[in-house]
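Next come the chains, spelled out residue by residue.
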Amino acid sequence: MVAVAYSTSPMINMLAARILFGTPMTWRVSLAALFGIAGICCVFWPEFGALSVSRNAGLGALLAMASVFTSAAGSMAAVRCQARGYRPGPAWRGACSMAA
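Residues numbered from 1 in each chain as written. Predicted model: local features only at pLDDT ≥ 70, side-chain atom pairs only at ≥ 80, totals over all residues. Heavy atoms only, no water.

## Some remarks on the packing of helix H2 (residues 9–21) against helix H5 (residues 55–83)
Working step 1: Two elements in contact, H2 and H5, have axes whose closest approach is 10 Å; the angle formed by their N-to-C orientations is 45°. In this view, H2 runs oblique relative to H5, as classed from their interaxial angle. The way H2 lies across H5 gives a crossing that is right-handed. Residue-level contacts link Ser9, Ile12, Asn13, Ala16, Ala17, Leu20 and Phe21 of H2 to Met65, Val68, Phe69, Ala72, Ser75, Met76, Val79 and Arg80 of H5.
Working step 2: When its residues are assigned to classes, the contact of H2 with H5 shows 11 nonpolar, three polar and one charged. (Axes fitted to C-alpha atoms, helices over the stretch in contact; angles between N-to-C directions. Helix = DSSP H or I, 4+ residues; strand = E, 2+ residues; numbered from the N terminus. Parallel < 35°, antiparallel > 145°, perpendicular 65-115°, else oblique. Left-handed = near helix turned anticlockwise from the far one by under 90°. Contact = heavy atoms within 4.5 Å. Nonpolar A, V, L, I, M, F, W, Y, C, P; charged D, E, K, R; others polar.)

Structure, rendered in C-alpha cells:
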C-alpha cells in the first residue's frame, strides 16, 4: 500500500509545482507518471485483493497518503527556498561538500 501511495509522488509533485509556481508540465511527463502509477498498481494487484476492509487498513491508507502529501509539501518548500536563493544550512553544506 505504501509503495502504491508513493508511486503517486512524482505526479503530485508535478501538479503542485504547476499549481503553486506555474512550472510547465509536458504531456509526455504526465503520461509517463501515469504509466508508472499503473505499473506499480499492476505489480501489487494481488495484494490489493488480499486487503481486508477494516479500520486498520483504512487508517493505514490514510496515513500513507498523508505522508505522500507531507513529502510533496516539503518538496514545494525546497523549490520555493531554492527559487528565492536561500542557501542550505550548515548540516547541508557538509553533505553537499562530501558529494562534490
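## Observations regarding the nonpolar core
Working step 1: Residues Ala5, Ile12, Ala64, Val68 and Ala72 constitute the largest nonpolar core, which totals five residues.
Working step 2: Per-element accounting of this core gives the leading share, three residues, to H5.
Working step 3: Ignoring any residue separated from it by four or fewer positions in sequence, one finds Ala5 in contact with Ala64, Met65 and Val68. (Core = buried A, V, L, I, M, F, W, Y, C linked by side-chain atoms within 4.5 Å. Buried < 20%, exposed > 50% of the residue type's maximum accessible area, 1.4 Å probe, protein only.)

## Side note on a nonpolar patch on the surface
Working step 1: On the surface, a cluster of nonpolar side chains totalling about 470 Å² of accessible area is made up of Leu15, Ile19, Leu20, Phe21 and Val79.
Working step 2: Take the nonpolar patch: its biggest share by element is four residues, from H2.
Working step 3: Locating Phe21 in the fold gives a position in helix H2. (Patch = residues over 30% accessible without salt bridge, like charges linked within 9 Å, V, L, I, M, F, W, Y side chains within 5 Å. Areas by Shrake-Rupley, 256 points an atom, 1.4 Å probe, with all protein chains shown as cover. Salt bridge = Lys/Arg side-chain N within 4 Å of Asp/Glu carboxyl O.)

## As for H2
Working step 1: Between its first and last C-alpha atoms H2 spans 17 Å; for 13 residues at 1.5 Å apiece the expected length is 18 Å, and the two agree.
Working step 2: Where H2 is concerned, the buried positions are Ser9, Met11, Ile12, Asn13, Met14, Ala16 and Ala17.
Working step 3: For H2, the elements touching its buried residues are helix H1 (2–7), helix H3 (27–43) and H5. (Expected span 1.5 Å × (residues − 1).)

## Side note on the side chain of Ser7
Working step 1: By the secondary structure assignment, Ser7 is in helix H1.
Working step 2: Among residues more than four places away in sequence, those in contact with Ser7 are Ile37 and Ile40.

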